Amino acid sequence: MSIERVRENVYAITDGSTRGNVCAYVLPTQIVFVDSGMHIPLMKKFREYIEKETGKKASTLFITHEHGDHVFGNQIFEDCEIITSESTNKAMVEALENNWTPENLEEWKKNAEDSTALEGLKIVMPTKTFAEEYELTDGEVKVIVRRTGGHTEGSSYVYCPQYKVLFAGDNLFNHSFPWGGTPTANPLKWIRALQEYLYLSINIEHYIPGHGSISGTEPLEEFLEYLNKVITLMKDMIAEGKTEEEILKQADEIEYYPPRREEWKDLTLKKWYDVLSN
Ligand SMILES: [Zn+2]
């Protein structure tokens, strides 16, 4: 694990060791974390390191969305306020009932690259929710969380205008094909989210994606261009009465980065098509 000091008062892990990226904003009187990754011992180390380094205490964990690689470290923040959107909370409650069964969690543990990553895993749920936006103010510093949807219905970004850092979660997969195949993924909301991140760029120096490395605006512009191309193509072909098969074949030919997992591209394009054709 390598802890990056993004700038004074902002730290992150983006080397993949925690699967989903994680970050910490050090505010005047407290530390606010974003996402908890999927490696419990490393998340514990990350929290301890920053608390020791700054002499401040963690108060809050913001969760961008419900996927396991962003919430399976929540137990490290059991003493904190854990805040997420209502939609993400709802998805976590559903996951707890259906997908995060003890048997399934055993599978996750077995499949983890590092066998210690999920040892002692216990699902810790959010303690507070918001509908569209949440703001935390500490002295002169504000941390703003806004739900946009896109990757999932509850997907939210966390933004600190004073520190000029925006944590985008899985609406950004820098330099790789995104995962957009989840039931609530929506390419139109996704586009608006990317436009919103870019609109804020006069106040942002660092974008932290859910996966991949920290960047300026270039990967966002690249992804937005790609997404626009795919959506325009699909909409036009749907209007022309083309078949699903023809449309997906053409969409597949638009060039972009390869996905982190082989099956992601087909499933994502299919999901985007389903949303646009309904
Ligand atoms: Zn995700």
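In the block above lies the structure referred to throughout.
Residues numbered from 1 in each chain as written. Predicted model: local features only at pLDDT ≥ 70, side-chain atom pairs only at ≥ 80, totals over all residues. Heavy atoms only, no water.

1. Thoughts on empty space enclosed by the protein
Okay, step 1: Under the counting rule described, the total for this entry stands at 1 cavity of 30 Å³ or more.
Okay, step 2: Estimates place the volume of the largest cavity at around 50 Å³.
Okay, step 3: If you go around the largest cavity, the residues you meet are Leu 172, Phe 173, Asn 174, His 175, Ser 176, Pro 178, Pro 219, Glu 222, Phe 223, Tyr 256 and Tyr 257.
Okay, step 4: When contributions to the lining of the largest cavity are tallied by element, the ones reaching two or more residues are β11 (165-173) and α6 (218-239).
Okay, step 5: In terms of residues, the lining of the largest cavity owes the most to one element, α6, which gives 3 residues.
Okay, step 6: Residue classes in the lining of the largest cavity are distributed as 7 nonpolar, 3 polar and 1 charged. (1 Å grid on protein atoms, 1.4 Å probe; cavity = no way out; pocket = protein on both sides within 12 Å on 5 of 7 lines; lining within 4 Å. Points joined across faces, edges and corners; volume = space filled by probe spheres on them. Helix = DSSP H or I, 4+ residues; strand = E, 2+ residues; numbered from the N terminus. Nonpolar A, V, L, I, M, F, W, Y, C, P; charged D, E, K, R; others polar.)

2. What about the coordination of the zinc ion?
Geometry reference: four tetrahedral donors at a metal, ideal angle 109.5 degrees. Six octahedral donors, ideal angles 90 or 180 degrees.
Okay, step 1: At 2.1 to 2.2 Å from the zinc ion lie its protein donor atoms, namely His 65 (NE2), His 67 (ND1), His 151 (NE2) and Asp 170 (OD).
Okay, step 2: Taken together, the 4 donor atoms coordinating the zinc ion span angles of 88 to 169 degrees at the metal, a pattern that classifies the geometry as irregular. (Donors = N, O, S within 2.8 Å, 3.2 Å for Na, K, Ca; no water. Tetrahedral: all angles 85-135°; square planar, octahedral: opposite > 155°, others 65-115°.)

3. Here's the deal with the pattern of salt bridges
Okay, step 1: For the structure on display, the rule yields 21 salt bridges.
Okay, step 2: The partner of Lys 128 in a salt bridge is Glu 81, and the shortest N-O contact between them spans 3.8 Å. Pair noted here: Lys 128 is in strand β7 (residues 128-130) and Glu 81 is in strand β6 (residues 81-85), with a separation of 47 residues, a long-range link.
Okay, step 3: What makes Lys 128 partly exposed here is its relative accessible area of 33%.
Okay, step 4: The class of Glu 81 is partly exposed, set by a relative accessible area of 32%.
Okay, step 5: A salt bridge links Lys 229 to Glu 225; the shortest N-O distance between them is 3.8 Å. In this pair, Lys 229 and Glu 225 both sit in helix α6, 4 residues apart, roughly one turn of the helix.
Okay, step 6: On the basis of relative accessible area, Lys 229 is assigned to the partly exposed category, the value being 45%.
Okay, step 7: Connected through salt bridges with shared partners, the residues Arg 47, Glu 51, Lys 57 and Asp 79 form a single ionic network. (Salt bridge = Lys/Arg side-chain N within 4 Å of Asp/Glu carboxyl O. Buried < 20%, exposed > 50% of the residue type's maximum accessible area, 1.4 Å probe, protein only.)

4. Here's the deal with the pairing of strand β5 (residues 58-62)
Okay, step 1: Extensive coverage of β5 is indicated by the burial of 4 of its 5 residues.
Okay, step 2: The pairing of strand β4 (residues 31-34) with β5 spans 4 bridges and is parallel. The partner of Val 32 across the bridge, within β5, is Thr 60.
Okay, step 3: Assessed by its sense of winding, the connection that carries the chain from β4 through helix α1 (residues 40-54) to β5 is right-handed. (Pairing = 2+ DSSP bridges. Right-handed = clockwise from strand over helix to strand, strands pointing away.)

5. Quick look at the packing of aromatic side chains
Okay, step 1: The full count for this structure, using the stated rule, is 18 aromatic pairs.
Okay, step 2: Measuring from centroid to centroid gives 5.6 Å for Phe 33 and Phe 46, while their planes differ by 80 degrees, and the two rings are edge-to-face. A residue pair is termed long-range when its members are at least 10 positions apart, and Phe 33 in strand β4 and Phe 46 in helix α1 qualify at 13 residues. For the pair Phe 33 and Phe 46, a shared accessibility class is recorded, and that class is buried.
Okay, step 3: Taken together through their ring pairs, the aromatic side chains of Phe 177, Trp 190, Phe 223, Tyr 226, Tyr 256, Tyr 257 and Trp 272 make up a single cluster. (Phe/Tyr/Trp six-rings, centres within 6.5 Å; stacked < 30°, edge-to-face > 60°.)

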